[in-house]
Amino acid sequence: MELYDSEEQQVEAIKDWWKENGKAVVLGVVVGLGGLFGWRYYQDSVVQAQEAASEQYSKAVESIVAKGADSSADVQAFIDTSKDSEYAVLAAMQLAKAKWKQATLKMH
């Protein structure tokens, strides 16, 4: 660590350091904050998409409970639009269960 004889020398050393490194410090802060806010935005959008899918699944299950296998068109539309999510599999299982119940009731 350098020792300075006066306060003016310290100030001059800080100014020199800032001239050499100021742009890199500012760029680092901007990139860091941009990354932080970008990550938060991404996380929020993922959560919103998950909540929307959950809400649509709940509506599909409510439709199955209310209408039974007669709701197959509504539920199938949900399955087709959500085919990449786990909710599509769950909805398909619920629909299959409702159709199975309807088929077994007709047999008896």
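Residues numbered from 1 in each chain as written. Predicted model: local features only at pLDDT ≥ 70, side-chain atom pairs only at ≥ 80, totals over all residues. Heavy atoms only, no water.

**Student:** I tried to follow helix α2 (residues 72-81) on my own but got confused; where do I start?
**Tutor:** Residues three or four positions apart in an α-helix share a direction because the helix packs 3.6 residues into each turn. Three or more residues of α2 are buried, namely Val-75, Phe-78 and Ile-79. The buried side chains of α2 occupy one side of the element, clustering within an arc of 100 degrees when seen end-on. Of the residues in α2, the exposed ones pointing more than 90 degrees away from the buried face are Ala-73 and Thr-81. Turning to α2, the residues buried within the fold contact α1 (7-67) and α3 (86-107). (Buried < 20%, exposed > 50% of the residue type's maximum accessible area, 1.4 Å probe, protein only. Helix = DSSP H or I, 4+ residues; strand = E, 2+ residues; numbered from the N terminus. Arc of directions from axis to C-beta. Contact = heavy atoms within 4.5 Å.)

**Student:** Help me understand the packing of aromatic side chains in this model?
**Tutor:** Each aromatic ring pair is described using two quantities: the centre-to-centre distance and the angle formed by the ring planes. In the structure shown here, the tally under the stated rule is 4 aromatic pairs. Between the aromatic rings of Trp-17 and Trp-18, the centroid separation amounts to 6.3 Å while the plane-to-plane angle is 40 degrees, which identifies the pairing as tilted. With relative accessibility at 45%, the residue Trp-17 sits in the partly exposed group. Residue classification places Trp-18 among the partly exposed residues on the basis of a relative accessible area of 46%. Judged by centre distance (6.5 Å) and plane angle (45 degrees), the rings of Tyr-57 and Phe-78 are tilted. On the criterion of sequence distance, the pair formed by Tyr-57 in helix α1 and Phe-78 in helix α2 is long-range, its members being 21 residues apart. (Phe/Tyr/Trp six-rings, centres within 6.5 Å; stacked < 30°, edge-to-face > 60°.)

Everything listed here is a matter of coordinates, which is why it stays silent on function.
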